[in-house]
Amino acid sequence: MIEAVGLTKRYGAKTAVYNLSFQVRPGTVTGFLGPNGSGKSTTMRMILGLDRPTAGHVTIGGHPFRELPNAPRQVGALLDAKAVHGGRSARNHLLSLAQLSGIPASRVDEVLGVVGLQDVAKRRSSGFSLGMGQRLGIAAALLGDPQVLLFDEPVNGLDPEGILWVRNLMKMLASEGRTVFVSSHLMSEMALTAEHLIVIGRGQLLSDMSVRDFIAANSAGFARVRTPQTEPQQREKLTTVLTEAGGRVMSEPDGALRVTGLALPQISDLAHEADVRLWELAPHQASLEEAYMQMTQAAVDYRSTDDQLAGFQQGPQGALPGQLPPGSAPGAPGVPQGPPQLGWYAPPPPQPGQPHPGVRGSVPAPPAPVPADQNPYAQQAPEAAPAAPPAPAPAGPAGPGLTKNDDSTPGSDTPEDAR
Amino acid sequence: MHAGYVWKSEWTKIRSVRSTGTTLALAAVFTIGLGFLISALSKNEFAKMDAHELRFADPTFISFVGTSLGQLAMIVFGVMVVGGEYSTGMIRTSLAAVPRRGLFLFSKIAVATLLAFVVALVTSFVTFFVGQAALGPYKASLGDPGVLRAVIGAALYMTLIAVFAMGVTTVLRSPMLSLGILMPLFFLLTPILGNVPATRKVAQYLPDQAGGKVMQVVAPEGDIAPYGPWGGFGIMVLWVLAALCCGWLVLKKRDA
């Protein structure tokens, strides 16, 4: 069990991590997501006692890392695959780590076999590829048979076979009751590996919930509705009817309609009553990647130039009135703009209760109580007020209409779930 | 976590990189080789000296002239032992495994110091005998007063130079920066300052200038040092302790 409470880290004027509180529980793989520079590695380093938090604290099994007795037997970590002395052989590198906690040399050969490096054990690690370095780092983490494992970007540089192996390894370690905390950029990989997600942006907690809830809560699916192309008036009619019924309707380039805020049967009924034929009525299930993009789009620090330019233009269609995130409250340096989107993300549904414990409570609130087996689009009520009204409430970075906000200000506030 | 475990681990680290063997071998070769060369050349100088000059002749010290070059290899050894952790990022792996940073640092330095001392002691005795053999009739013998102290002192001096480099590197956290500062300092700056009369009074308290005193059996003509051989060595020890303390504080306080 890893527990962070109010973790804050400042480097001079820059705040890398701000008031971060979360728990990583044993028995599941917990994914740690966030855009580049959002503070993932800094958090990992603070967990391992490498960096001293400016405020707050983080404990492993109730102890700060630096006070853990025989730490290598309790915590294994892969922080940086290249953090080895290149002039030392893989085996000697592991041996020096093993000797620290009285682990026998035979265990070194064992983990070398586990990660598949037995044939290059005697070779100097400077000649290793990134993938081999990752394997060596994973071997070092496994060395002490620890109950708590941290991996920072473990699949970087691995081949597909290696990625599959890491995925299964993580799951196996978790199924043995260990605490497994993995950071990654690869959404698809996280969707397959992790059961629980902790998402941060600009150093602050954005979300702390299970993968299924996360997708359900953040990436609002929608219904794709298509009317006969030969009769555009039918399309307009349906749009009017659906809008009147409280749904939100947007056009897709190919003429289909994206509908949120109405359940599938409702759309069908309304169409029937309006005497509109439907060619297509399909649910759209969002992927983790989409949910993640939706959640972090306002907290991205590094964006390519092309995107920036596009972002300065006024959002095309689908501006959501009244959805200005309250992150632009007085004192806040400004809300970062959403990325210019080609696609369209529906706003998240209101989230009753805080999804993470924060500094206020020691027991986390239950994750967003959305039955995950329901169609996500069926619960959309985007206009509903956010459930946590004080301060920057989780209004969510809405549509492209928000692109008018100036991104040049180093906004530390993120619109959603910022606190 | 036992200190013994950490020592063992540091020994594995130090013996498993090439720079250890290379730098220590270079230190021995430079010290012995240059000492032999200068001793052989000094044999002719001795023959031309009058009685007054012979009073200040120090055959023991002459055979240790090579330490001025050998100490540079010792500095590189000290810098590599500590700096290798920083330049490779290994420091994060190490500190994640040994959260008690003081234990980590002093185990590393203790192991490296012991190894350096063993090499320096052997080098010192070989240097002495080779040098004295080259001096022929003017040679000193190990039984002469102060000679054994000078020979062991030379080994201690070489060891402490390496430890000083380890301390400085822990403060600076970069091998390139440390070498860039230590090499010119000990190769050029302190010898020059120590030989220019105007700066001598201050420079004699610098670590190598003070510590080198322990290798002398006969004080050179016009020696103004207010300390004896062990006094000078003590000053050097203070320098080394200061460097280690600063290094320890930096490691303790700063983020890895």
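Model, not experiment: these values are computed from the prediction.

## Examining the packing of aromatic side chains
Residue and element names in this part refer to chain A.
Here comes step 1: Evaluated as defined, the whole model comprises 10 aromatic pairs over all chains.
Here comes step 2: Ring centres 5.7 Å apart and planes at 35° place the aromatic pair F22 and F181 in the tilted group. With F22 in strand β2 (residues 14-24) and F181 in strand β7 (residues 179-183), this residue pair connects regions lying 159 residues apart in the sequence.
Here comes step 3: Look at F22 and you get buried, because its relative accessible area is 0%.
Here comes step 4: Feature note: the residues F22, F32 and F181 constitute an aromatic cluster, connected by ring pairs.

## Some details on the sheet that holds β2(A)
Strand pairing in a sheet is mediated by backbone hydrogen bonds. Such pairs are either parallel or antiparallel.
Residue and element names in this part refer to chain A.
Here comes step 1: On the basis of which strands lie adjacent, the open sheet formed by three strands has the order β2-β1-β4 and antiparallel pairing. Pairing within the sheet leaves two strands with one partner each, and these edge strands are β2 and β4 (55-60). For this sheet, the mean angle separating the axes of adjacent strands, direction not counted, is 20°.
Here comes step 2: Where strand β1 (residues 2-11) meets β2, seven bridges bridge the pair, whose relative direction is antiparallel. Within the sheet, the bridge partner assigned to R10 lies in β2 and is T15.

## Structural notes on the UniProt feature "transmembrane region" (unreviewed entry) in chain B
Residues and elements named next belong to chain B.
Here comes step 1: This chain's UniProt record puts "transmembrane region" (unreviewed entry) on residues 21-41, 61-82, 103-130, 150-172, 179-198 and 230-251.
Here comes step 2: As a span, residues 179-198 carries 95% helix and 0% strand, and end to end its C-alpha atoms are 27 Å apart.
Here comes step 3: End C-alpha atoms of residues 230-251 are separated by 31 Å, and the span's content is 100% helix alongside 0% strand.

## Comments concerning the nonpolar core
Here comes step 1: Grouped together as the largest cluster of nonpolar side chains are 138 residues, with contacts concentrated most on A:I2, A:L150, A:F151, A:F181, A:F214, B:M74 and B:F77.
Here comes step 2: Here the element with the most residues in this core is helix α8 (residues 147-172) of chain B; it accounts for 14 residues.
Here comes step 3: Residues lining this core come from more than one domain, with at least three contributed by each of domain 1 (2-209) and domain 2 (210-218 + 287-350 + 375-419) of chain A.
Here comes step 4: In terms of nonpolar packing, the next biggest core, distinct from the first, is built from 15 residues, A:A223, A:V225, A:L242 and A:V276 among them.

## Quick look at the sheet that holds strand β11 (residues 248-251) of chain A
All names here are of chain A.
Here comes step 1: One open sheet holds the four strands; their spatial order is β11-β12-β10-β13, and the pairing between them is antiparallel. What marks the edges here is a single partner per strand, and that holds for β11 and β13 (280-284). When strand polarity is set aside, the average angle formed by the axes of neighbouring strands in this sheet is 25°.
Here comes step 2: Direction of pairing for strand β10 (residues 222-226) relative to strand β12 (residues 257-260): antiparallel, over a ladder of three bridges. Following the sheet pairing, R224 is matched in β12 by R258.

The rules we used
Residues numbered from 1 in each chain as written. Chains lettered and ligands numbered in written order. Predicted model: local features only at pLDDT ≥ 70, side-chain atom pairs only at ≥ 80, totals over all residues. Heavy atoms only, no water. Phe/Tyr/Trp six-rings, centres within 6.5 Å; stacked < 30°, edge-to-face > 60°. Helix = DSSP H or I, 4+ residues; strand = E, 2+ residues; numbered from the N terminus. Buried < 20%, exposed > 50% of the residue type's maximum accessible area, 1.4 Å probe, protein only. Pairing = 2+ DSSP bridges. Axes fitted to C-alpha atoms, helices over the stretch in contact; angles between N-to-C directions. UniProt positions renumbered as here; feature names shortened; annotations may be inferred. Core = buried A, V, L, I, M, F, W, Y, C linked by side-chain atoms within 4.5 Å. Domains from an automatic or database assignment.

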